Amino acid sequence: MIEKAQMKTKRIGVLFGGLSAEREISLKTGQAVLKALGILGYAAHGIDVGLDLPRQLKEAQTEVAFVALHGRFGEDGRVQGLLEMLQIPYTGSGVLASSMTIDKVATKQMLLYHELPTPGFEVLKTKQQANKLINQSRYFPLVVKPAREGSTIGISIVQSVEALRHGIDTAAALDAMVLVEEFIDGLELTVSVLNGEALPIIQIVPKSGFYDYHAKYTLGQTEYLLPAPIDAGVYSRMQQAAVVACEVLGCRGAARVDFMLREKEFYCLEVNSIPGMTETSLLPKAAEAAGLDFEELIEMILLDADLDK
Ligand SMILES: Nc1ncnc2c1ncn2[C@@H]1O[C@H](COP(=O)(O)OP(=O)(O)O)[C@@H](O)[C@H]1O
Ligand SMILES: [Mg+2]
């Protein structure tokens, strides 16, 4: 790890944009990070990530990378692998934790192995598996998602066999692996974890009833309750579960664990290894409630930059 005084002498590249469906969000996260690093007095430059990333890193003489990418080719271990190869210390999770958490199926299997609750599910990799499930499904609603997307892209909540078929097609167009989950009718909550510690829990109340792309990124479309007004025992168990989830998956820096809560039972949906840092993002809100302003948060993430994690 690099000490603060030394970090001030480094050329820090903020990696944003990228090639995934979440490019637009990453552009905003990247700008916010770049601005914060400037305020903090670091020598930061922005890199819009494309296929020429190695050349860009070389030309900018990047010495430390702040990874502000979301989704595939950025949050999934690929960029992290490249940075390892180039021996450029980088923020956040390493190669394995990134590729595990981008994959909702691998994440759920890991959670189950450690006895952390997650909604019941089926994995579809072939047309045959899809047809079999469609023919057998009797209980609705179900949730259909591509295994490796984010920002609610390609997700459907389906109420019928016909809608299930359509939902599978939609998800399969984005990913060869489709996840079909039990629908949890309950409250939606998210626990941010920073350097191994849980921040205050946020309850998410989308005005439309579904926390989709629009609700996530449009100001005023979602209400956030912070700290979440839930049972105190459930609150602390959920924080603990989030910390354990991040630990067993090997996450570093800042991560965010999404949950559904039905009565007193909570279920982990997924772990985000590079949570959004936009104006409407959840992790900065949770950090603020814990007494950390945006710049302090960014500095904590930066100072944890490392290799071989
Ligand atoms: N099993 C489920 N039961 C109820 N709602 C769900 C379920 N899975 C997902 N959702 C809804 O869809 C949203 C996105 O799902 P999530 O698994 O967090 O994927 P991502 O955020 O990567 O798109 C959640 O925030 C929640 O509103
Ligand atoms: Mg989510």
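Because the structure is predicted, anything quoted here is derived from the model rather than measured.

A few points about the packing of helix H2 (residues 23-40) against helix H12 (residues 294-303)
Packing of H2 against H12 brings their axes to within 9 Å, and their N-to-C directions diverge by 95°. In terms of orientation, H2 lies roughly perpendicular with respect to H12. Contacts between H2 and H12 involve Ala32, Val33, Ala36, Leu37, Ile39 and Leu40 on the former and, on the latter, Phe294, Glu295, Ile298, Glu299 and Leu302. Considering only residue class, the contact of H2 with H12 consists of nine nonpolar, no polar and two charged.

Quick word on the side chain of lysine 104
Take lysine 104: it is sitting in helix H6 (residues 104-113). Overall, lysine 104 belongs to the buried group, its relative accessible area being 6%. Dropping the residues within four chain positions of it, lysine 104 is found in contact with Lys145, Ala147, Glu149, Leu179 and Glu270.

So, unusual backbone geometry
Here the bond from phenylalanine 140 into proline 141 is cis, since omega is 0°, no more than 30 degrees from zero. Among the structural elements, proline 141 can be located in the loop between helix H7 (127-136) and strand E5 (142-146). Positive phi, normally seen in glycine, also occurs at aspartate 308, with a value near 50°. Note on placement: aspartate 308 falls in the segment after H12. Looking at aspartate 308, the relative accessible area reads 68%, which means it is exposed.

Re helix H4 (residues 78-86)
Taken together, the buried positions of H4 are occupied by Val79, Gln80, Leu83 and Glu84. The arc enclosing the buried residues of H4, seen along the axis, measures out at 145°, which places them on a common side. On the buried face of H4, the contacting elements are strand E1 (11-16), helix H3 (53-59), strand E3 (64-67) and helix H5 (95-102). Looking one or two places after H4, you find glutamine 87, whose phi comes out positive at around 60°.

Rules behind the numbers
Residues numbered from 1 in each chain as written. Chains lettered and ligands numbered in written order. Predicted model: local features only at pLDDT ≥ 70, side-chain atom pairs only at ≥ 80, totals over all residues. Heavy atoms only, no water. Axes fitted to C-alpha atoms, helices over the stretch in contact; angles between N-to-C directions. Helix = DSSP H or I, 4+ residues; strand = E, 2+ residues; numbered from the N terminus. Parallel < 35°, antiparallel > 145°, perpendicular 65-115°, else oblique. Contact = heavy atoms within 4.5 Å. Nonpolar A, V, L, I, M, F, W, Y, C, P; charged D, E, K, R; others polar. Buried < 20%, exposed > 50% of the residue type's maximum accessible area, 1.4 Å probe, protein only. Arc of directions from axis to C-beta.

Such coordinate-based values are descriptive only and should not be taken to indicate function.
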